[in-house]
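# An overview of the molecular structure
As a plain string of letters, each chain reads:
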There are 2 protein chains.
Amino acid sequence: MTFPNDARVALNALLGERFSEKQADRDHHAGTEAHHRPAPPEAVAWPESTEEVAEIVRICRGNGVAIVAHGAGSSLEGNTSAVKGGLSVDLNRMNQILDVRPEDLDCTVQAGVNREELNTHLRDTGLFFPIDPGAHASLGGMAATRASGTNAVRYGTMRENVLCLTVVTPEGEIIRTARRARKSSAGYDLTHLFVGSEGTLGIITEVTLKLYGRPEAVRAAVCTFSDPASASRTAIEAIQVGIPLARVEYLDDGCIRAVNAYSHLEETEADTLFVEFHGSEAGVAEQVAFFEEIATGNGAAHFRWAEREEDRNRLWKARHSAYTATVNQRPGCRGWATDVCVPLSRLPECIDHAKGLMKSCGIPASIMGHVGDGNFHVVFSVDPTAPEELETVARINSAMVEQALSCDGTCTGEHGVGLGKRKYMEAEHGPALSLMRRIKSALDPENLMNPDKILPPMETPAQ
Amino acid sequence: MTFPNDARVALNALLGERFSEKQADRDHHAGTEAHHRPAPPEAVAWPESTEEVAEIVRICRGNGVAIVAHGAGSSLEGNTSAVKGGLSVDLNRMNQILDVRPEDLDCTVQAGVNREELNTHLRDTGLFFPIDPGAHASLGGMAATRASGTNAVRYGTMRENVLCLTVVTPEGEIIRTARRARKSSAGYDLTHLFVGSEGTLGIITEVTLKLYGRPEAVRAAVCTFSDPASASRTAIEAIQVGIPLARVEYLDDGCIRAVNAYSHLEETEADTLFVEFHGSEAGVAEQVAFFEEIATGNGAAHFRWAEREEDRNRLWKARHSAYTATVNQRPGCRGWATDVCVPLSRLPECIDHAKGLMKSCGIPASIMGHVGDGNFHVVFSVDPTAPEELETVARINSAMVEQALSCDGTCTGEHGVGLGKRKYMEAEHGPALSLMRRIKSALDPENLMNPDKILPPMETPAQ
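Basis of the calculations
- Residues numbered from 1 in each chain as written.
- Chains lettered and ligands numbered in written order.
- Predicted model: local features only at pLDDT ≥ 70, side-chain atom pairs only at ≥ 80, totals over all residues.
- Heavy atoms only, no water.
- UniProt positions renumbered as here; feature names shortened; annotations may be inferred.
- Least-squares fit on C-alpha atoms with pLDDT ≥ 70 in both.
- Pairing = 2+ DSSP bridges.
- Helix = DSSP H or I, 4+ residues; strand = E, 2+ residues; numbered from the N terminus.
- Axes fitted to C-alpha atoms, helices over the stretch in contact; angles between N-to-C directions.
- Parallel < 35°, antiparallel > 145°, perpendicular 65-115°, else oblique.
- Left-handed = near helix turned anticlockwise from the far one by under 90°.
- Contact = heavy atoms within 4.5 Å.
- Nonpolar A, V, L, I, M, F, W, Y, C, P; charged D, E, K, R; others polar.
- Patch = residues over 30% accessible without salt bridge, like charges linked within 9 Å, V, L, I, M, F, W, Y side chains within 5 Å.
- Areas by Shrake-Rupley, 256 points an atom, 1.4 Å probe, with all protein chains shown as cover.
- Salt bridge = Lys/Arg side-chain N within 4 Å of Asp/Glu carboxyl O.
- Lys, Arg positive; Asp, Glu negative; His and termini not counted.
- Charge placed at Lys NZ, Arg CZ, Asp CG, Glu CD.
- Domains from an automatic or database assignment.
- Buried < 20%, exposed > 50% of the residue type's maximum accessible area, 1.4 Å probe, protein only.
- Buried area = accessible area lost by both parts, 1.4 Å probe.
- Polar contact = N/O pair within 3.5 Å; in protein donor to acceptor, adjacent residues only side chain to side chain.

As named in an unreviewed UniProt entry, chain A is D-lactate dehydrogenase (cytochrome), taken from Celeribacter neptunius. Per UniProt, chain A carries the Sequence similarities (unreviewed entry) text "Belongs to the FAD-binding oxidoreductase/transferase type 4 family." Recorded in UniProt under Cofactor (unreviewed entry), the annotation for chain A is "FAD".

### Some thoughts on the relation of the copies chain B and chain A
Overlaying chain B with chain A gives an RMSD of 0.0 Å, the required rotation being 180 degrees about an axis along which the chain moves by 0.0 Å. Both chain copies can therefore be described as sitting about a two-fold axis.

### What to know about the sheet that holds strand S1 (residues 19-20) of chain A
Residues and elements named next belong to chain A. The mixed open sheet is built from 4 strands, whose spatial order is S1-S2-S4-S3. With partners counted over all chains shown, the strands left at the sheet margins are S1 and strand S3 (67-70), one partner each. Relative to strand S4 (residues 87-90), strand S2 (residues 43-45) is paired through 3 bridges, and the arrangement is parallel. Along S4, the bridge assignment pairs Ala45 with Val89.

### Observations regarding the UniProt feature "domain: FAD-binding PCMH-type" (unreviewed entry) in chain A
Mapped onto the present numbering, the UniProt feature "domain: FAD-binding PCMH-type" (unreviewed entry) falls at residues 36-214 of chain A. Here residues 36-214 of chain A runs as 23% helix and 24% strand, with 38 Å between its end C-alpha atoms.

### Some thoughts on unusual backbone geometry
Here the phi dihedral of His302(A) falls at roughly 55 degrees; this positive angle occurs in a residue that is not glycine. Among the secondary structure elements, His302(A) is positioned in strand S15 (residues 301-306).

### Digging into the packing of helix H14 (residues 347-361) of chain B against helix H15 (residues 387-406) of chain B
Residue and element names in this part refer to chain B. The contact between H14 and H15 brings their axes to 10 Å, and the two run at 165 degrees. Accordingly, the angle class assigned to the pair H14 and H15 is roughly antiparallel. The element H14 and its partner H15 pack so that their crossing is right-handed. Along its contact with H14, which presents Glu349, Cys350, His353, Ala354, Leu357 and Cys361, the element H15 presents Thr392, Ile396, Ala399, Met400 and Gln403. For the contact of H14 with H15, the per-class residue count stands at 7 nonpolar, 3 polar and 1 charged.

### With respect to a negative patch on the surface
Negative charge collects at one region of the surface, where Glu216(A), Glu281(A), Glu286(A), Glu216(B), Glu281(B) and Glu286(B) lie side by side. Of all elements in the fold, only helix H11 (281-297) of chain A together with helix H11 (281-297) of chain B reach the threshold of two or more residues within the negative patch. By the element assignment, Glu286(A) lies in helix H11.

### Section: the environment of Phe291(B)
Residue and element names in this part refer to chain B. For Phe291, the location among the structural elements is in helix H11. Distance from Phe291 to Ile236, taken between C-alpha atoms, is 11 Å for residues 55 residues apart in sequence. In this structure, Phe291 is in contact with Cys223, Thr234, Ala238, Ile243, Leu245, Leu273, Val275, Phe277 and Phe303, ignoring residues within four places of it in sequence.

### As for the packing of helix H9 (residues 228-240) of chain B against H14(B)
Residues and elements named next belong to chain B. Where H9 contacts H14, the axes come no closer than 9 Å and their chain directions differ by 155 degrees. In terms of orientation, H9 lies roughly antiparallel with respect to H14. As H9 runs across H14, the sense of the crossing is right-handed. Here Pro228, Ala229, Ser232 and Ile236 of H9 come into contact with H14, specifically with Leu347, Pro348, Ile351, Asp352 and Lys355. Split into classes, the residues belonging to the contact of H9 with H14 amount to 6 nonpolar, 1 polar and 2 charged.

### Some words on the domain arrangement of chain A
Taken domain by domain, chain A holds domain 1 (5-90), domain 2 (97-213), domain 3 (217-322) and domain 4 (325-406). On a C-alpha basis, the centres of domain 2 of chain A and domain 4 of chain A stand 29 Å from each other.

### Focus: the pairing of strand S6 (residues 106-110) of chain A
All names here are of chain A. Among the 5 residues of S6, 5 are classified as buried, and the element is accordingly described as predominantly covered. Where burial is concerned, the two faces of S6 agree: the one with Asp106, Thr108 and Gln110 and the one with Cys107 and Val109 are both buried. Between the end of strand S5 (residues 97-101) and the start of S6, which pair antiparallel, lie 4 residues, with Leu105 showing a positive phi angle near 55 degrees. In this sheet, strand S10 (residues 203-210) lies alongside S6 in antiparallel orientation, the contact comprising 5 bridges. Note that in S10 the partner of Asp106 across the bridge is Lys210.

### Looking at the interface of chain B and chain A
The interface of chain B with chain A comprises 78 residues on the first partner and 78 residues on the second. Carbon and sulfur atoms supply 55% of the area buried between chain B and chain A, which totals about 6,500 Å² over both sides. For Arg438(B), the salt bridge goes to Glu171(A), with nearest N and O atoms at 3.0 Å. Where chain B meets chain A, there are 53 residue pairs in polar contact (both at pLDDT 80 or more). The element best represented in the side of chain B that touches chain A is helix H17 (residues 432-443) of chain B, accounting for 9 residues. Grouping the amino acids of the side of chain B that touches chain A by side-chain chemistry returns 32 nonpolar, 26 polar and 20 charged.

This is how it looks when you write it as structure tokens:
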């Protein structure tokens, strides 16, 4: 693959030093997070506006150059690797917070703004944006991946929190997917079509998001259980009786061990729930009492409450470090995170099934789960130079997906399909997959937008 | 237009008496709700299963017969009129509640089940389904129209509450749009593509819905204000400070007058809010106190609380009768309901603008608004035999849409596009409209599914 000279000349003229073919820049955009094989693009562009993105797309289209949109590069399924070469469009210089409208509880940001930057900016407004994937993801990337995180049980995922998008289409046209009204019945839901489309239908350049008032009162807690089922049952029962949990995260004993080592903590090494409650003072007190009753009924021990903000922050920092803590247990190893999500009632059996697979494989691994959503990850610390380890984890991943599908669940709750989950699309969607293919062909007939992602190759549907 | 004999023979063989070409049956499926001109199909079919719908679609497709899915027939924009003749597929015999899963807080119903039937069925489970458009709509129709109602401010619309759908595609293939997991990142969001697609991309035959626990405590209230702005400002401020209002409905003085006459009530004839709070006993008490403070600050008077279920039911029955009460003010007249939805902060100016247009027109009309969503209706009682009245209302409707679009709002918050709102699609969506056309062509290349709905004709984009 060589980069067409006409495209090079045009992109150089448009972007100057914000266009690069240097090996270091290409390697930095190869989608190397997690265990997937790096696939660098032939060149990288750093646009600063939607109009520049549109011009870049038109240049690429005119020269048959594949385009991969690139945010923070923190996705885990090879979602941004440039398997067909071409141009990586890095949106990190599109980092303007364009408008915050406290009176409408919404804001508009460029795609490269990350969630921490937004929340820092919002600090004085009394508002916040709740979606928090583990990584320092960009909001455009989060929309493209339909990301979520620990707050989804209360606030929803990117699916529920994107009001509208500005998108550059494969033709290089700029569209808005919807108006800013909170609801609409005006035609096909383009916003939701692009949320989760992973750059395969166009490039998201601006995101309009719902915001929420900071709760008057927040309390967080940790408690332990004698087994995974008791922990997940506690979360399920709390949701079934209607406690509006803001967060309810499960970490297994191995995960706590890894977090303790990594973050210098001394949490009890047992199946653990991290929970958080948002509301008024009285409302939170009520939720806490109700939750404690349910947890105690399931044998919870070692209850520890974090009422001060700094204690809570330490707690959630530990939770957010769980992935890295697990991966770093073995030097030189990389992460491989499974990501099934199942109906709530099926969660305990799926966690048990995963536990069984983990134990027998001998590779260091942790379970961390957004159990209020029925979503959990097994994170393996895998040696990328050991093919037999990669094979073992691949086998466990597939077994977990098969189990999840048999429970009417999904192969990916929040990481997206990328390259890694394509092989499960047929089993998950059946004949509906052909509709996805038609939509892709209709919107991107030349297959230039993040090619080979989401949809499995036609020739080998099982691959 | 004559119905192809091959299709007649095949449908007769498949359905027997559940296939009809009788004029009375055709007229009953002409989309006559509201002010749109009736357009009867050439025949009507009453399938009883998804498989029968698939077979019907395959027969129609083989004979070039247009297909209009028909639920309760309560849509207001000519959404189910058979403008190209063909077959109306009436889903009312698909009225089975297939599965209720309290442990997962979800259920699956056939498309013809209506919301009251579902809630009656759920009575003993402690669960309920909150979406309540004014009419006795079918759940399939509500999904197809992306309907909402009075509870959307707290529980969302059909957009937020459909977990997955079973759909018969234009090829007559049966697909499921998603798994039953609460979240997923597994490819394009087909569920949201079909929610709101008004039968133009396929026929929804089964709907899987989120359910909610009945709140421990419920309180409802009515209060009046000296002007529309004070009423809507109260709703807006309550939402901005984070009171989790379950319902907040605005009715103008004219609407209260109509409701009083129709429902034999004696509400004060003034700008009025109907509100409802859901939660624990303590939580509701807290919400009520907070809301009263805000309302009083905006000059609220005549506060009346309804704590008993029967009093609340009477209140909401009155609210739900507002459309009929308004239309019935003049014998022989029909309803014409506008349906704009705007960002919350722009609501008072849009209501004021509508008030001005209403006053000067001399046609009886009411405002009723889901003001917590920024959505409101002006309902006119219009004489269908008086072209100048229809013209006047059409002009006001267009002026309201123009105003809403200038506020980044939408021409339809919950009624759908049907025939009536097609003329605004270009102004609302701009170049994004061409993506909708491509999706329609990709999924229904022969244009047999509810033809001429949602998308304006290509020749005359302004019509």
